[in-house]
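# Descriptive structure summary
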Amino acid sequence: MKRLVVEKDKLKHNIDIIKGMTEAKIIAVLKGNGYGLGILKFGSFLLENNIDFFAVSEIQEAVYLRNNGFENDILLLSSTCIGEEIELIIQHNIIATIGSECAAAMLDEAAARHHKQVNVHLKMDTGFGRFGFLPSEMDSVASIIKSCSNIKMTGIFTHLSFSFAKERKDVQVQFDKFIKCIDILKQRGIEPGIRHITNSSAFLRYKDMHLDGVRIGSAFLGRVPVDNIYGLKKIGYLKANISEVKTLPQGHYIGYANTFKTNRKTRTAVVPVGYKDGFGIEKSKDIFRFIDVLRYLYHDIKLFLGSKYLTVKVNGKTARILGRVSMYNIVIDVTDIDADIGDEVMMEANPLLIESSIQREYI
């Protein structure tokens, strides 16, 4: 049976490092099935370690947590003008994000109908171009907040677009805009509540930007797009069992497109893991510079020529994956390894990419 294994000692190690780096409120981001760690198990483990403020991207994630007994603060990071979603926000006591006049008006009206006051965080668009009010709209924002008697502003945030860049410049521009927006709102008599701007990369790199709250997701997993000089450990690996073993002659093709041919008599094993499960795939590459394009091409050429290939661990030894990863299976070389049917195979894997139906095993 396939399992995504989460080593609790490593996860706690990362949590403790993150706690020790800030005085700000830690907002644990649980989007994408808890960054692949399993939203319920990961959320429970965070609560056990005294992290009790969660954030999600979709209302279904927030409702799922509530329906499974989570009574702590949950912030929906996405602003919405969809009536059904607003009803769920109110019904399940979710902290809403307000990023437009439409969202504010609809939430206020719905809250009035339910005779409730809804906590909200204000979203500012300082350069991402997605949800949020523009800095030029601060006078209008102040008027909107004052006119909505059924919503209570308890926080304000923005989202950084390039926090993993080598230079601080773009991050600083967004930070300065954010602080200016807050200052204008204060001058208009609006108290901002919890101020938060940093995601995992910015949290690690810019301590002076922690403000009142920090949003942490990938840093918990030790998988960040910046140099890991902080002692964080990578979380999560995939396990499965060998289902078949056979010996192939020299000159025999393996896998789709004939990209691999045996150069000797080869003992092989089939492992029931494939790209359907999220193994052997990558997140879409965000390309920012021409040099990045060249690097990706170089990587793909090396993979095709066989000078770079994927490996797994079988009984403590490294085994090469032969041919392409298919939808449901991989074939590995066990010619020089004492391996047989049923033996356990361990694979490096990014939890965020692993199919949610695969069992998450906390050990």
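Presented here is a report on the structure given in the accompanying data block. Keep in mind it's a predicted model, so treat the numbers as computed, not measured.

About the criteria used
- Residues numbered from 1 in each chain as written.
- Predicted model: local features only at pLDDT ≥ 70, side-chain atom pairs only at ≥ 80, totals over all residues.
- Heavy atoms only, no water.
- Helix = DSSP H or I, 4+ residues; strand = E, 2+ residues; numbered from the N terminus.
- Buried < 20%, exposed > 50% of the residue type's maximum accessible area, 1.4 Å probe, protein only.
- Areas by Shrake-Rupley, 256 points an atom, 1.4 Å probe, with all protein chains shown as cover.
- Pairing = 2+ DSSP bridges.
- Axes fitted to C-alpha atoms, helices over the stretch in contact; angles between N-to-C directions.
- Parallel < 35°, antiparallel > 145°, perpendicular 65-115°, else oblique.
- Left-handed = near helix turned anticlockwise from the far one by under 90°.
- Contact = heavy atoms within 4.5 Å.
- Nonpolar A, V, L, I, M, F, W, Y, C, P; charged D, E, K, R; others polar.
- Core = buried A, V, L, I, M, F, W, Y, C linked by side-chain atoms within 4.5 Å.
- Patch = residues over 30% accessible without salt bridge, like charges linked within 9 Å, V, L, I, M, F, W, Y side chains within 5 Å.
- Salt bridge = Lys/Arg side-chain N within 4 Å of Asp/Glu carboxyl O.
- Arc of directions from axis to C-beta.

### Remarks on the overall build of the chain
- Within the chain, the regular secondary structure consists of eleven helices and 19 strands.
- C-alpha atoms of the chain, sized along the principal axes, occupy 80 × 45 × 35 Å.
- Per-residue burial over the chain gives 47% buried out of 363 residues.
- With an accessible surface of roughly 18,000 Å², the chain has 50% of that area assigned to carbon and sulfur atoms.

### A word on the environment of Glu-58
- Structurally, the position occupied by Glu-58 is in the loop between strand E3 (53-56) and helix H4 (59-67).
- By relative accessible area, which is 45% here, Glu-58 ends up partly exposed.
- Along the primary structure Glu-58 and Val-6 are separated by 52 residues, whereas in three dimensions their C-alpha atoms are 24 Å apart.

### Details of the pairing of strand E14 (residues 266-271)
- Two elements, strand E11 (residues 244-248) and E14, share five bridges in a ladder whose sense is antiparallel. Within E14, the position partnered with Glu-244 by the bridge is Val-270.

### Considering the packing of helix H5 (residues 83-91) against helix H6 (residues 101-113)
- Packing of H5 against H6 leaves a shortest axis separation of 10 Å and a crossing angle of 50°. When the axes of H5 and H6 are compared, the pair comes out oblique. When you trace H5 past H6, the crossing you get is right-handed. From H5, Gly-83, Ile-86, Glu-87, Ile-89 and Ile-90 reach across to H6, where they touch Met-106, Leu-107, Ala-110, Ala-111 and Arg-113.
- Residues belonging to the contact of H5 with H6 are distributed by class as follows: seven nonpolar, one polar and two charged.

### Side note on the sheet that holds E11
- The three strands are arranged E11-E14-E17 in an open sheet whose pairing can be described as antiparallel. Strands with a single pairing partner mark the edges of an open sheet, and in this sheet they are E11 and strand E17 (330-333). Each strand of the sheet is rotated relative to its neighbour by a mean of 30°, with strand direction disregarded.

### Observations regarding the nonpolar core
- Among the nonpolar cores identified, the biggest contains 84 residues, and Leu-11, Leu-46, Leu-107, Leu-122, Leu-185 and Phe-220 are the most heavily contacted of them.
- Counting residues per element, this core draws most heavily on helix H8 (residues 169-187), at seven residues.
- Among all residues touching Leu-107, those that are not within four sequence positions of it are Ile-86, Ile-89, Ile-90, Ala-96, Ile-98, Val-118, Val-120 and Ile-151.
- Ranked by size, the runner-up nonpolar core spans 23 residues in total, among them Leu-4, Leu-238, Ala-269 and Val-334.

### A word on a nonpolar patch on the surface
- Together, Tyr-275, Ile-281, Met-327 and Tyr-328 make up an exposed nonpolar region whose accessible area comes to about 390 Å².
- Positionally, Tyr-328 belongs in the loop between strand E16 (317-320) and E17.

### Quick notes on H5
- Along H5, the residues classified as buried are Ile-86, Ile-89 and Ile-90. The buried residues of H5 all sit within an arc of 95° when viewed along its axis, so they share a single face. Pointing more than 90 degrees away from the buried face of H5 are the exposed residues Glu-84 and Gln-91.
- Looking at the buried side of H5, the elements it contacts are H4, strand E4 (73-76), strand E5 (96-98), H6 and strand E6 (118-124).
- Downstream of H5 by one or two residues, Asn-93 has phi in the positive range, about 55°.

### So, the pairing of strand E9 (residues 213-216)
- Side chains Gly-213 and Arg-215 project from E9 onto one buried face, and the interleaved Val-214 and Ile-216 project onto a second face that is buried too.
- Pairing between strand E2 (residues 25-29) and E9: four bridges, direction parallel. For Ala-28, the partnering residue across the bridge sits in E9 and is Ile-216.

### Notes on the pattern of salt bridges
- Counting across every chain of the model gives 16 salt bridges.
- Here Glu-361 and Arg-3 are joined by a salt bridge, their closest N and O atoms 3.5 Å apart. You can see Glu-361 sitting in strand E19 (residues 359-362) and its partner Arg-3 sitting in strand E1 (residues 3-6), a full 358 residues away along the chain.
- The class for Glu-361 is partly exposed, based on a relative accessible area of 22%.

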